[in-house]
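# An overview of the molecular structure
Letter by letter, the chains look like this.
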Amino acid sequence: MLKASIVLLSLVIATLLMVIVLGWPRKPKPIIVSVPVKEPCDTEVKIAKIDRRAVPPGWEGRFYMHELPPERPCPVKEKWNQTPMVFHSEFGFELIIMVPFAYYLHLNCYELNITTTPGASPLYSFAENVTEIDIKRQSLPEDFSCCPLQTVHMPKMSHDRWAPPPYKTLYQNWFFTYDKPILVISNKYQREWGKNPINFIPVDVLLRMVDLLLPHYTIVYSRPGNDHIAPDGSRHIDLDEKDALREKGVLLMDDLYTSCQQAWPVSYPYNQFQMWVFANSERFIAVQGGNSVLASYMAGPTGLVHVYIVQGKELQGETIGTWYSQFSGAYVRMYRAMSDLEASMSAFIPPPRSFVRKPPPPVAPSTNGD
């Protein structure tokens, strides 16, 4: 009996020592599993190489404002096969993580084979091969194994193999030009994090903004739904604002896209069309999410972007106001209160003096022999 008690006491003492010294029993570490994407049997896989020189009919040779920027000469291009260039997470994540890494590889003479979601090929107009897979964008699990950057929420941007493409130079054009400079309002109205819409500009505020800014700008309003962009699991809801904006003379991106798709014999992805319009603007009002990232890309070094955010991880370290300017050199401001956003509209007046106007009609050749 005494021996048994001694053995039991020894076990208790040994256990206590393990708890004190080793921290046992330890809390098991969470296992993060990267779930491979499984394509359903009826998935349509298509090669979607986008030629930047593909232009609306009749505009060959005079659509784009800029020639392609000179690139580093590449006698031989090596195929990049160290990591799979596959991305199917959120649109904004793709613009922050995947696109700058792909462009960095392109500049360093790598041949790319990229796989992305439907309609995202225009983001990679510089790549050799782009494949679109008919699959929904998803937020979780976050699989960024393609790229060095492993998060989008940090107070300071890491520039390790990170080079945003010059979208403004690539897409600025003579087609979407007006008598006044373009100002883009990029809004959304959808369920967020399982809740009702949080980050959006309400109708009454939109109308007041339009009344103030329309005398100075051609206003283009963008709020695409799942019929134009790859769905990401967030249900888009009708804000019921578009008719009121039309009546005031605002151009709706949806209307522009539909009219051009009907008029042109060639169908273009919505993202390509959107980038054409955005590239011709230096002034943006946007809300939290991927649209604010795209606006920061498109505004350019003399651009101004005001972003409204109520909730989101971007508030950690104020990433929007800290490093979103590095996409194109634009001045990007973040506003958490709607009253502050409205008060900031004075920064858009006066509009930029220099802006893209419609080019003059071609001069007819002289017939008098001069």
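Going by the structure above, here's the rest.
Here goes a summary of the coordinates provided. (Residues numbered from 1 in each chain as written. Predicted model: local features only at pLDDT ≥ 70, side-chain atom pairs only at ≥ 80, totals over all residues. Heavy atoms only, no water.)

### So, the overall build of the protein chain
Looking only at helices and strands, the protein chain features 10 helices and 11 strands. Within the protein chain, buried positions represent 47% of all 370 residues. For the protein chain, the share of sequence-separated contacts (at least 6 apart) that also reach a separation of at least 24 residues comes to 72%. About 19,400 Å² of surface is accessible on the protein chain, with carbon and sulfur atoms providing 57% of the total. (Helix = DSSP H or I, 4+ residues; strand = E, 2+ residues; numbered from the N terminus. Buried < 20%, exposed > 50% of the residue type's maximum accessible area, 1.4 Å probe, protein only. Contact = heavy atoms within 4.5 Å. Areas by Shrake-Rupley, 256 points an atom, 1.4 Å probe, with all protein chains shown as cover.)

### Describing the packing of helix H2 (residues 91-107) against helix H8 (residues 290-298)
Where H2 contacts H8, the axes come no closer than 6 Å and their chain directions differ by 45°. Judged by the inter-axis angle, H2 sits oblique to H8. Side by side, H2 and H8 meet where Phe91, Gly92, Leu95, Ile96, Val99 and Pro100 of the first sit next to Gly290, Val293, Leu294 and Tyr297 of the second. A per-class count over the contact of H2 with H8 returns 8 nonpolar, 2 polar and no charged. (Axes fitted to C-alpha atoms, helices over the stretch in contact; angles between N-to-C directions. Parallel < 35°, antiparallel > 145°, perpendicular 65-115°, else oblique. Nonpolar A, V, L, I, M, F, W, Y, C, P; charged D, E, K, R; others polar.)

### Observations concerning the state of the cysteines
For the structure shown, the criterion picks out 2 disulfides. Between the sulfur atoms of cysteine 146 and its disulfide mate cysteine 147 the distance is 2.4 Å. Its torsion about the S-S bond being -90°, the disulfide of cysteine 146 and cysteine 147 is classed as left-handed. Of the two residues, cysteine 146 and cysteine 147, both sit in the buried class. (Disulfide = S-S within 2.5 Å.)

### Overview of the sheet that holds strand E11 (residues 331-335)
The sheet built from 6 strands is open, its strands ordered E8-E7-E6-E9-E10-E11 with parallel pairing. Every other strand in the sheet has two partners, leaving strand E8 (251-252) and E11 as the edge strands with one partner each. Examined bridge by bridge, strand E10 (residues 304-308) and E11 share 5 bridges and lie parallel to one another. Among the inter-strand pairings, valine 307 is bridged to a residue of E11, identified as methionine 334. (Pairing = 2+ DSSP bridges.)

### Here we look at H2
With 17 residues, H2 extends 23 Å from end C-alpha to end C-alpha; this agrees with the ideal 24 Å at 1.5 Å per step. By the largest-angle criterion, methionine 98 marks the main kink of H2, which is about 35°, and a proline, proline 100, follows within four residues. In terms of residue burial, H2 counts as a mostly covered element, since 15 of its 17 residues are buried. (Expected span 1.5 Å × (residues − 1). Bend = angle between axes of the 7 residues up to and from the residue.)

### Some thoughts on the side chain of asparagine 280
Position of asparagine 280 among the secondary structure elements: in the loop between helix H7 (270-279) and strand E9 (281-287). Polar contacts involving the side chain of asparagine 280 include one to the main-chain carbonyl oxygen of phenylalanine 176, which spans 2.7 Å. (Polar contact = N/O pair within 3.5 Å; in protein donor to acceptor, adjacent residues only side chain to side chain.)

### What about the environment of valine 76?
One can find valine 76 in the loop between strand E1 (45-47) and strand E2 (78-79). Sequence spacing of valine 76 and cysteine 109 is 33 residues, and the spatial spacing of their C-alpha atoms is 7.4 Å.

### Some thoughts on the packing of aromatic side chains
A full pass over the atoms with the stated rule returns 27 aromatic pairs. Ring centres 6.2 Å apart and planes at 75° place the aromatic pair tryptophan 264 and tryptophan 276 in the edge-to-face group. Taken as a pair, tryptophan 264 in the loop between helix H6 (253-263) and H7 and tryptophan 276 in helix H7 lie far apart in primary sequence, 12 residues in all. In terms of burial, tryptophan 264 and tryptophan 276 fall into one category: buried. Ring geometry for tyrosine 268 against tryptophan 276: centres 5.1 Å apart, planes inclined by 65°, an arrangement best described as edge-to-face. With a relative accessible area of 5%, tyrosine 268 lands in the buried category. Joined through ring pairs, the aromatic side chains of Trp59, Phe63, Tyr64, Phe175, Phe176, Tyr257, Trp264, Tyr268, Tyr270, Phe273 and Trp276 make up one cluster. Looking at arginine 62, its charged tip hangs above the ring of tryptophan 59, at a distance of 4.4 Å from the centre. (Phe/Tyr/Trp six-rings, centres within 6.5 Å; stacked < 30°, edge-to-face > 60°. Lys NZ or Arg CZ within 6 Å of the ring centre and 35° of its normal.)

### Thoughts on the pattern of salt bridges
Applying the stated rule across the entire model yields 13 salt bridges. Residue aspartate 211 pairs with lysine 248 through a salt bridge whose shortest N-O separation is 2.8 Å. Within this pair, whereas aspartate 211 is found in helix H4 (residues 203-213), its partner lysine 248 is found in helix H5 (residues 242-248), the two being separated by 37 residues in sequence. Assessed through its relative accessible area of 33%, lysine 248 is described here as partly exposed. The salt bridge involving aspartate 254 is made with lysine 242; its shortest N-O contact spans 2.5 Å. Of this pair, aspartate 254 sits in helix H6 while lysine 242 sits in helix H5, placing them 12 residues apart in sequence. The class for lysine 242 is buried, based on a relative accessible area of 17%. (Salt bridge = Lys/Arg side-chain N within 4 Å of Asp/Glu carboxyl O.)

### Section: unusual backbone geometry
The residue after isoleucine 349, namely proline 350, is reached through a cis peptide bond having omega 0°. Summarising the element assignment, proline 350 is placed in the segment after helix H10 (338-343). Within the chain, aspartate 240 stands out as a residue other than glycine whose phi angle is a positive 60°. Looking at where aspartate 240 falls in the secondary structure, it is placed in the loop between strand E7 (218-222) and H5. Residue aspartate 240 is classed as exposed on the basis of its relative accessible area, which comes to 61%.

### Quick look at the nonpolar core
Counting residues in each nonpolar core, the largest one holds 73 residues, and the members touching the most others are Ile96, Tyr124, Tyr167 and Phe273. Looking at this core element by element, the count peaks at 11 residues for H2. Listed in part, the 27 residues of the second largest apolar core include Phe200, Tyr335, Met338 and Leu341. (Core = buried A, V, L, I, M, F, W, Y, C linked by side-chain atoms within 4.5 Å.)

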